[in-house]
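# Structural characterization, general
What follows is each chain in one-letter form.
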Amino acid sequence: MDRGRVVDYYDDYSPYWEEEDAKMVDGVLDSKEKHLCVHVYHCLSCDSEVELSVKEVRS
């Protein structure tokens with residue numbers, strides 16, 4: 001299950017950060033250039049979480 005951007009969990013205000021600002025602190029050096037977004041995924045079977053980079057999709 002996708003729990004959203006990893007930066008949304010940093011503090012109370014981080015869910016309101018602009019995408020470009022979030023990319024500066026997401027832990028991936030080239031996420032802005034490669035159009036990646038780091039998300040938290042939760043496994044309902046084993047109750048574990050992992051951070052994965054996903055390709056951004058622009059609408």
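Please read these numbers as outputs of a predicted model, since none were measured by experiment.

## Some thoughts on the pattern of salt bridges
In total, this model carries 2 salt bridges according to the counting rule given. In this structure, R5 and D8 form a salt bridge, with 2.7 Å as the shortest nitrogen-oxygen distance. What makes D8 partly exposed here is its relative accessible area of 24%. Here K34 ties to D30 by a salt bridge, and the two come within 3.1 Å at their closest N and O atoms.

## Things to note about unusual backbone geometry
Even without glycine at this site, H35 takes up a positive phi of about 55 degrees. Its location among the elements puts H35 in the loop between α2 (31-34) and β2 (36-42). The class for H35 is partly exposed, based on a relative accessible area of 39%. Although it is not a glycine, D47 adopts a positive phi angle of roughly 60 degrees.

## Details of the sheet that holds β2
In spatial order, the strands read β1-β2-β3; together these 3 strands make up an open sheet with antiparallel pairing. Edge positions in the sheet fall to β1 (2-5) and β3 (49-55), since each has one partner strand and no second. Averaged over all pairs of adjacent strands, the angle between strand axes in this sheet comes to 30 degrees, irrespective of strand direction. When β2 meets β3, the two strands line up antiparallel, connected through 7 bridges. Directly across from V38, in β3, lies its bridge partner S53.

## Quick word on the confidence of the model for the protein chain
Taken as a whole, the protein chain shows an average pLDDT of 84; of its residues, 98% reach a score of 70 or greater. Per-element averaging of pLDDT across the protein chain places helix α1 (residues 19-23) at the bottom with 74 and β3 at the top with 92.

## Describing the side chain of R5
Examined against the element boundaries, R5 turns out to sit in strand β1. Excluding anything up to four places from it in sequence, R5 contacts S14, P15, W17, E18, E19, A22, C37, V38 and H39.

Procedures and definitions
- Residues numbered from 1 in each chain as written.
- Predicted model: local features only at pLDDT ≥ 70, side-chain atom pairs only at ≥ 80, totals over all residues.
- Heavy atoms only, no water.
- Salt bridge = Lys/Arg side-chain N within 4 Å of Asp/Glu carboxyl O.
- Buried < 20%, exposed > 50% of the residue type's maximum accessible area, 1.4 Å probe, protein only.
- Helix = DSSP H or I, 4+ residues; strand = E, 2+ residues; numbered from the N terminus.
- Pairing = 2+ DSSP bridges.
- Axes fitted to C-alpha atoms, helices over the stretch in contact; angles between N-to-C directions.
- pLDDT = per-residue confidence, 0-100.
- Contact = heavy atoms within 4.5 Å.

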